[in-house]
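# Examining the three-dimensional arrangement
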Amino acid sequence: MFKYAVSLISRRKLRTFLTSLGIMIAVMLMTFILFGMTDLQDAVLTQFNSVFKPTDLYVSNSSFAMGGVSSAPRKEDVQNEEKVVIDNNVVESIKSIEGVEEIHRIFAVTGFDVYLEGDDIPYPRSLIQAVDLSADNELFVNFTGDDPVLKENGIFVSNYVTSFFELSADEIIGRNIVLKPSQINNFGSIPNTNTTAQEYTFVVQGVVETDNSAFWINSDRALEILAQRGGFKNKEEYIQTVGYSQLLVSTQDGKTSQVEDALVNDLGLTVISTKTIVDFVSTLTAGLTIALIIFGSISAIVASIGIINTMIMSIYEQTKEIGIIKAIGASDFQVLIIFLIQAGLIGLIGGLLGLSITYLLMKVADPYVVKLLSDQGFTAVTTFFHFQPLNALYITLSSILVGIIAGIYPAMKAAKLDPVNALRYE
Amino acid sequence: MSYIQVQNLKRRYAISKSVFVDALRGVTFDVEKGEFISVIGSSGSGKSTLLNILGGLDRKYTGSVYVDEKDIKEYDPNYYRRYVVGTIFQQFYLIPSLNVEENILLPLKFGKKEEIDFEERLNYLLDIVGLKHRVKHFPRELSGGEAQRVAIARALIDSPKIVLADEPTGNLDSKTGNDILELLKELNKEEELTILLVTHDQAIAQKTDRIITLVDGKNV
């Protein structure tokens, strides 16, 4: 019966192929979900875990620490927000929480163009991070240099900076980096008038592999610069008024959740932990997955309608033949099976086409996706798409199932045909 | 008791809610085992209706049809169509996408008797219908006579006891038609087949053992 069913659909190759295209598109979407979304989640988490320890907590005073990616800020939220200034008193309070091991200040210095002395072209991404971490911290990957502790006028640069200025690590170490007040602000269009003309010079102390930052300077020196640019008397006044934008709080193993609760509930701070990131990435990928599943399901429904249409057309074309096979002994059930086999085969063809094309697209696109992710700082990702044979099998079986389900109505219609009328049909 | 007993067979078709056509109006006849009979009648006399009922395709009749001492309504309809009767049609009705061998073996896809060696049976039938050299050919590559021979072999592959032939020579020239008739006569003797041949051709009917004439749905 299988061979006979195959012979029936092989008579209508073009129609079978066109009908299977709907299934093919649905399968391609589903394949991207299964092979791409899990990889996207893994890629983000792998990268995160390669840089951050699960016992580290990132503490800030803003509830919009991840506002740029999680949700749009609302005016009433800002008005009602009780903003905590992270001054030295808050830092001391954090230190007193049971389970806290170390606190590191991390904040950004903005509003400068960064030049290599003797070069007229500034480095295009002038993100300067102020840290009080030594270069042997996990944040810094593959440090090259003699002294891992940032001096007052020392600066670490990323390997992107060395490649931009076409220098090796050894060649750039010892050279001067000059921070000149930027003539445009971070948004690139409005002239920045609220700046002094003061320039700051730093000596390159080491080179590290980058994530997103390009420069790191000593946090005490950074506070002096920020106080000076903001018109504060000294850095103490700056901290008292503005505070630190972010702290890295290292906790004892097993005490991370307890510390996180204290920071959030007792001190009113916003905390980003490994758990936050995992939850965020899971939410993000779940959202994308749901969107793709919806598109895939719509494609599957459209494809099913196509299969139903094709099969009903086939019944009209094969009415006489159904009469013949019934006359020579085929039962209603056997006719039903013959038509279900045809519908399942259309699903199988669509499934295999979809899988093959997706596999080829993944093979071609993988190096580009890896490079794109690497450019965005996801350096731990070496392969993005992973072909999963078991999931490929599930997808193939699902596409056959979609075909069979779509074929039930036409198959029942064929099975119920009266053989006498079918033989008379012209 | 005769091998086939048809008693007071009636079949009425509804054309609309109030208009009916009586295709058969009380047909009665007996056929002995191994007999080769023809049913003759003009167009609309009820020949095809009778054949559909005897072939197990139409069960909406009144009266009774006994085959081998059993009412055909008591047979499983699929079993009856597979193993009790084999049907040959005027238009051959071969499956165009299957070759000669596959067409002959097609009924076996829907059920086959375990005790029969079908390879031997196929070779025997190919031999008797003279198509051994055409086994891999498709219906479009065959002449009308050859196509009807394939249809005969297909009807006999499951070794039925009765062959129903609906105008088997109707689409053939007279020489080919005579050849087919001779083939059926040979099979009638070789296989002890009971054959009912429906025709409107008096000359063909004369070559069978007995003639049943239908006029307006009744045998005369």
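Below is a summary of the structure that appears in this document.

### Considerations on the overall build of chain B
The number of helices and strands found in chain B is seven helices and ten strands. The proportion of buried residues among the 220 residues of chain B is 58%. A sequence separation of at least 24 residues applies to 75% of the contacts in chain B between residues at least 6 apart. Per element, the accessible surface of chain B, about 9,800 Å² overall, is 46% carbon and sulfur.

### Observations concerning the packing of aromatic side chains
Counted under the stated rule, the structure contains ten aromatic pairs over all chains. Plain terms: the ring middles of A:Tyr123 and A:Phe215 are 5.5 Å apart, the flat faces sit at 90° to each other, and that makes the pair edge-to-face. Placement of the pair is A:Tyr123 in the loop between strand E3 (112–116) and strand E4 (128–131) and A:Phe215 in strand E9 (residues 215–218), with a sequence separation of 92 residues. As far as burial versus exposure is concerned, A:Tyr123 and A:Phe215 are alike and both buried. A ring pair is formed by B:Tyr75 and B:Tyr80, whose centres lie 5.3 Å apart and whose planes are at 50°; its orientation type is tilted. Classification of B:Tyr80 as buried rests on a relative accessible area of 2%. Lying over the aromatic face of A:Tyr115, A:Lys180 brings its terminal NZ or CZ to 4.4 Å of the ring centre.

### A word on the side chain of B:Glu146
All names here are of chain B. Examined against the element boundaries, Glu-146 turns out to sit in helix H5 (residues 144–156). For Glu-146, a relative accessible area of 17% corresponds to the buried category. For Glu-146, the contacting residues outside a window of four places in its chain are Leu-131, Arg-134 and Glu-141.

### Details of H5(B)
Here H5(B) contains 13 residues, and its C-alpha end-to-end distance of 19 Å stays within 8% of the 18 Å for a straight helix at 1.5 Å per residue. Counting buried residues in H5(B) gives eleven out of 13 residues, a clear majority hidden from the surface. Residues of H5(B) that are buried include every one of B:Gly145, B:Glu146, B:Ala147, B:Gln148, B:Val150, B:Ala151, B:Ile152, B:Ala153, B:Arg154, B:Ala155 and B:Leu156, and no others. Along its buried surface, H5(B) packs onto helix H11 (274–327) of chain A together with strand E6 (85–88), helix H3 (100–105), helix H4 (118–129), strand E7 (162–166) and helix H6 (174–190) of chain B.

### Here we look at the interface of chain B and chain A
On the side of chain A, 22 residues touch chain B, which itself brings 21 residues to the contact. Where chain B abuts chain A, roughly 2,000 Å² becomes buried across the two surfaces, and 64% of that area is made up of carbon and sulfur atoms. When the buried area of chain B at its contact with chain A is split by residue, B:Leu57, B:Tyr93 and B:Phe110 rank highest and sum to 31% of it. Here chain B is connected to chain A by zero salt bridges. The interface formed by chain B and chain A includes five residue pairs in polar contact (both at pLDDT 80 or more). Counting residues per element, the side of chain B that touches chain A draws most heavily on helix H2 (residues 77–84) of chain B, which supplies three residues. In terms of residue class, the side of chain B that touches chain A is built from ten nonpolar, five polar and six charged.

### Describing the environment of A:Tyr115
Residue and element names in this part refer to chain A. By the secondary structure assignment, Tyr-115 is in strand E3. For the pair Tyr-115 and Val-178, spaced 63 residues apart in sequence, the C-alpha separation works out to 5.1 Å. Tyr-115 has contacts with Asp-120, Ile-121, Pro-122, Asn-176, Ile-177, Val-178 and Lys-180, leaving out every residue within four places of it along the chain.

### Concerning the packing of H4(B) against H6(B)
Residue and element names in this part refer to chain B. At a minimum axis distance of 11 Å, the contact between H4 and H6 shows a crossing angle of 140°. As far as their axial angle goes, H6 and H4 are oblique. Between H4 and H6, the residues in contact are Tyr-124, Ile-128 and Val-129 and Leu-183, Glu-186, Leu-187 and Glu-190, respectively. Across the contact of H4 with H6, the residue classes tally to five nonpolar, no polar and two charged.

### What to know about the environment of A:Gly99
If you trace the backbone, A:Gly99 turns up in the loop between helix H5 (88–95) and strand E2 (100–109). Measuring from C-alpha to C-alpha, the distance between A:Gly99 and A:Gln258 comes to 7.8 Å, with 159 residues separating the pair along the chain.

### A short note on the sheet that holds E7(B)
All names here are of chain B. In spatial order, the strands read E6-E7-E8-E3-E9-E10; together these six strands make up an open sheet with mixed pairing. The two strands at the open ends of the sheet, each matched to only one other strand, are E6 and strand E10 (218–219). Of the strands in this sheet, E6 and E7 touch H5, which is tilted by about 170° from E6.

Cut-offs and rules
- Note that residues are indexed from 1 along each chain, following the sequence as it is written.
- For naming, the first written chain is A and the first written ligand is 1, with later ones following in the order written.
- Side-chain atom pairs in this predicted model are given and counted only at pLDDT of 80 or more, local residue features only at pLDDT of at least 70, and totals for whole chains, interfaces and linings cover all residues.
- Based on all heavy atoms of the structure, the side-chain values leave hydrogens and waters out of the count.
- To qualify as a helix, a DSSP run of H or I must reach at least 4 residues; to qualify as a strand, a run of E must reach at least 2; elements of each kind are numbered from the N terminus.
- Whether a residue is buried, partly exposed or exposed follows from its accessible area with a 1.4 Å probe, protein chains only, as a fraction of its type maximum: under 20%, in between, or over 50%, in that order.
- Whether two residues are in contact is decided by their heavy atoms: any pair within 4.5 Å suffices.
- Here the open area of atoms and residues is found with the Shrake-Rupley method and a 1.4 Å probe, where only the protein chains shown may cover a residue.
- Pairing of aromatic side chains requires ring centres within 6.5 Å, counting the rings of Phe and Tyr and the six-membered ring of Trp. Pairs whose planes differ by under 30 degrees are stacked, by over 60 edge-to-face, and all others tilted.
- Look at NZ for Lys and CZ for Arg. If either is within 6 Å of the ring centre and within 35 degrees of the ring normal, a charge sits over the ring.
- What a helix should span is 1.5 Å times the count of its residues minus one.
- By buried area we mean the combined loss of accessible area, with a 1.4 Å probe, across both parts when two parts are placed together.
- Take a side-chain nitrogen of Lys or Arg and a carboxyl oxygen of Asp or Glu: if they are within 4 Å of each other, that pair is a salt bridge.
- Polar contact is the term for a pair of N or O atoms within 3.5 Å; when the atoms are in protein, one must be able to donate a hydrogen and the other to accept it, and sequence-neighboring residues count only if both atoms are side-chain atoms.
- When residues are grouped by polarity, Ala, Val, Leu, Ile, Met, Phe, Trp, Tyr, Cys and Pro land in nonpolar, Asp, Glu, Lys and Arg in charged, and all others, Gly among them, in polar.
- Note on definitions: angles span 0 to 180 degrees between N-to-C directions of axes, and those axes are lines fitted to C-alpha atoms, for helices only across the stretch in contact.
- Each angle gets one of four labels, with under 35 degrees taken as roughly parallel, over 145 as roughly antiparallel, 65 to 115 as roughly perpendicular, and the rest as oblique.
- Paired strands are those between which DSSP finds at least two bridges.

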